Every structure is written in structure tokens, then in C-alpha cells.
Amino acid sequence: MITAKAPGKLYIAGEYAVVENGNPAILVALDQFVTCQIKASSHETGNIISHQYRNNDLQWRRQGDQMIVDKRDNPFSYILSAIKVTEEYARSCGRELSIYDIMIDSELDSDNGRKYGLGSSAAVTVATVKALCQFYQLPVSKEILFKLAAIAHFAIQGNGSLGDVAASVYGGWIAYHSFDRQWLAEQRHFLSLPDLLNLPWPDLKVEPLQAPSNLQLLIGWTGKPASTSRLVDKISLFKAKEQHAYHHFLDASRECLAKMIHGFRNGDFSLIQEQIRVNRHLLQKLGQHSGVNIETPALQKLCRIAEHFGGAAKTSGAGGGDCGIVIIDKEADREAVIDEWVKNRIEPLPLSVHFIPQIYRYHFNMKS
Ligand code: PMV
Ligand code: MG
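What you see is a predicted model, and the numbers here were worked out from it, not measured in a lab.

Draft legend 1. Structural context of the site of ligand 1. Around ligand 1 there are 13 residues in total, and Tyr11, Tyr16, Ser161, Thr228 and Ala318 lie nearest to it. Here Tyr11 contributes a side-chain N or O atom positioned 2.9 Å from an oxygen atom of ligand 1. Ser161 is positioned such that a nitrogen or oxygen atom in its side chain is 2.5 Å from an oxygen atom of ligand 1. Contact with the protein chains removes 93% of the 380 Å² of surface that ligand 1 exposes when unbound. At the level of secondary structure, the elements contributing two or more residues to the shell around ligand 1 comprise β1 (2-13) and α7 (228-241).

See the structure below:
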């Protein structure tokens, strides 16, 4: 039996802007995991089973005569895509394909189906690719793993930055610069998968960051999960209609992130806090101009409470519900923030940043 796990993530800054090639975001990996187990099957069929996804209903809408299913919100789409891409890689490495059972266990999708927006689709993709690479005994580095999972995830979601995949592969705090996905889509037709994996991808950059020793991350969940891909679709409409305002947002976000990354490199806590506030303001303005409800009243309350106790707070990810993050001094009164959140029906998530060793090799112990 092979077991592999991949962590969930949260965006710290740079959301929406990072969807455009080469723009930066900062993310962290968290200690909540998707685990993928693989076992060779002795039958002619294999199963893909998951306790959390067993009631995964399909949602569809009508477009003329067509019944359209949005596969972007279905975890099985990501699992199947991960299998397809990794098996393509396995074939190119001369492996013979076989039949197996896959068991997925996701801490990122709670039993009652409630999601905290911690990147379960990215983590399930990464965990599946990781497990299959072990199963087929394929050589992989973090970079190869990222590229395989990014190809698989992009084939389903289509409009994301893949920052969540990077966080899940690299772990810890990272500065992620998104790669040129148009280039990837084109090259998929021309290059073999091994050639594509060995090329440097245009604009892709992942830099591990170190948080200052006095920095503490607090996470609050406001409920009401939002569909990230649909929110990104809406901002994409704004991009077409309000090009000037959109480009202004991109420039300002890039400048803000450059300063924040500088703050991490130099252990400058107050610069990081300052830029978190700048980034929050930029996202608020983007929401107002585009009519997308990024900072909901509950997220606003979460931020107001944290700011009152000396934290720098903002929405995390696409917003419209889900989580907000706070960067606060370890000496500050963390309990006071949490008490006030709970009184206001904001759920504190007691999660820690998850690190993955820099040197990363699989032990080939494939015995079931
Ligand atoms: O809502 P989340 O945590 O999945 O984050 C989405 C972040 C965006 O920048 C809005 C989209 C993306 O793919 O980067
Ligand atoms: Mg979200």
C-alpha cells in the first residue's frame, strides 16, 4: 500500500493579481491534509473511494439544449485528471500501466460537507500525483511534482493561478509568481510531457520565505463558502470592461507584494503588516469597482476585531466568505482576538504552517 499526503493552503496576499502571468502572491501551507492511498488491484476493475466525497452530488445548468456540468467544483475531476497526467508521465518513463484502487481521505472537506476553503482541489491533485509517482516508481523533484499537478489542475479549473498547487507542493511560506498558462496550453500540443517538464516554464518562480520570529498567523472562518472559479470569472469580466482600473490594480498589487516579500527577506515585521493593510485596501477597491463581494460584512468584522488588538488583517483567497488572515505579534493578546471572534460567530481555525523538507525524495518501498 502506497500512502502520500498533501497539505492545504491559504493565500496571505496578492490574490486576483496573481491570476495574471508573472504576478506574485504569498501563500502558506497548513497542517490539514488530503491523503491518497493506492493499492494494486487483483481484479479487472479498480475503485476510487472517498469517505468525504461519497455524497458528491452533481450540479448542472442548462445552456440551450445542453446540460452543462461544472466539473471545476467536483473533486473526482481533479483525481481523474491527476491520474491521466501521471500515467502519461509513467508511460514516457517506460512503465507498464496497471489496475489499482485509490482511497482519498480529506481533512479539508469535513464530514458534513463544510469546506473551509483551504485548497482541497489543489491538495487532492497533488496527493494523487505524489502517490501515483511512488506507485509507478517515477523520479520526481518538487519542481516536477508541481508541474505535473499544475498541468492536471489547470486542465480542469482553467482560470486559476495554480498558487494553491505550489503551496501544497513546496510547503511553508512561499512567494509564488504565476507562469504563462497560455504558453503551457500551446506547448502541450507540441512537446512531449518529459520535454515540457524539463523546460523552465515562462515566468514561473517559487521562492521559499522565512517568517520573522515574532510573526504569528491567525485564521478565522466566516462561513458561507464561495466558489473561487466563479468569482474569478466575474473579475475577468471586469478586466474586459474596465481595463484602466484593472491595470492600475495589477500595478499596485505588484508593488505591494514586492515590498512585502522584501519584508520577509529582511525579517521586517512592521513592513509586512503595513503591506497586508495596503493589499486589503486594494482588494476592497477591486471589489467595489467590479461589484464582486470580496470582503463580506463578516470578513470586515473579522478584520476590524483583529486590527483593534494590533493585528494586520485581510480577506484570504477569492473572498466572498471563507477565511480571513491576521498577521500579529506573538506578544499581542491573541486570546482577546479569538474571544471577540467567537462572540461574533467567527470560527478561529487553530492551524499551523506546515513545512516540507527541502530535499525531497521518495523511498521506493512499493510492497502492498
Ligand atoms: O479562494 P482561494 O483560497 O481558492 O484563492 C483564490 C485566489 C485567486 O487569486 C483569486 C485565484 C487564483 O487562482 O489565484
Ligand atoms: Mg476561497
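Following the structure, the description resumes.
Draft legend 2. Structural context of the sheet that holds strand β12 (residues 347-348). Read across the sheet, four strands follow the order β10-β11-β9-β12 without closing on themselves; strand pairing throughout is antiparallel. The strands lining the two open edges of the sheet, one partner per strand, are β10 (312-315) and β12. Sheet analysis places strand β9 (residues 215-221) next to strand β11 (residues 323-329), joined by seven bridges and oriented antiparallel. Bridging from a neighbouring strand, Leu217 pairs with Ile327 of β11. Packing of helix α10 (residues 297-308) onto the sheet brings it into contact with β9, β10 and β11, and relative to β10 it is tilted by some 170 degrees. Contacts from helix α11 (residues 334-343) reach β9, β11 and β12, with the element oriented near 5 degrees to β9.

Draft legend 3. Summary view of the pairing of strand β5 (residues 66-69). Across four bridges, strand β4 (residues 60-63) lies against β5 in antiparallel orientation. The partner of Trp60 across the bridge, within β5, is Val69. What sits between β4 and β5 in their antiparallel hairpin is a turn of two residues, with Gly64 showing a positive phi close to 60 degrees.

Draft legend 4. Fine view of the pairing of strand β7 (residues 173-177). For β7, the buried fraction is high: five of the five residues fall into the buried class. By the alternation rule, side chains of β7 split into Trp173, Ala175 and His177 and Ile174 and Tyr176, which are all buried. Relative to β7, strand β2 (residues 24-40) runs antiparallel, the two being bridged by five bridges. Across the sheet, Pro24 pairs through a bridge with His177, a residue of β7. Across five bridges, the pairing between β7 and strand β8 (residues 205-209) is antiparallel.

Draft legend 5. The arrangement of the environment of Gly119 in detail. Examined against the element boundaries, Gly119 turns out to sit in the loop between β6 (100-106) and α2 (120-135). For Gly119, a relative accessible area of 10% corresponds to the buried category.

Draft legend 6. Highlighting the nonpolar core. Core analysis: the largest hydrophobic core is formed by 104 residues, its most contacted members being Tyr16, Ile26, Ile38, Phe146, Leu148, Trp173 and Tyr176. Those residues in contact with Leu148, other than ones at most four positions away along the chain, are Val85, Tyr89, Val129, Cys133, Val140, Leu193 and Leu197. With 11 residues, the next largest nonpolar core counts Leu302, Ile305, Val326 and Trp341 among its residues.

What counts, and at which threshold
- Residues numbered from 1 in each chain as written.
- Chains lettered and ligands numbered in written order.
- Predicted model: local features only at pLDDT ≥ 70, side-chain atom pairs only at ≥ 80, totals over all residues.
- Heavy atoms only, no water.
- Near = heavy atom within 4 Å.
- Polar contact = N/O pair within 3.5 Å; in protein donor to acceptor, adjacent residues only side chain to side chain.
- Areas by Shrake-Rupley, 256 points an atom, 1.4 Å probe, with all protein chains shown as cover.
- Helix = DSSP H or I, 4+ residues; strand = E, 2+ residues; numbered from the N terminus.
- Pairing = 2+ DSSP bridges.
- Contact = heavy atoms within 4.5 Å.
- Axes fitted to C-alpha atoms, helices over the stretch in contact; angles between N-to-C directions.
- Buried < 20%, exposed > 50% of the residue type's maximum accessible area, 1.4 Å probe, protein only.
- Core = buried A, V, L, I, M, F, W, Y, C linked by side-chain atoms within 4.5 Å.

So, to be careful, I would describe these as geometric facts and stop short of saying anything about function.
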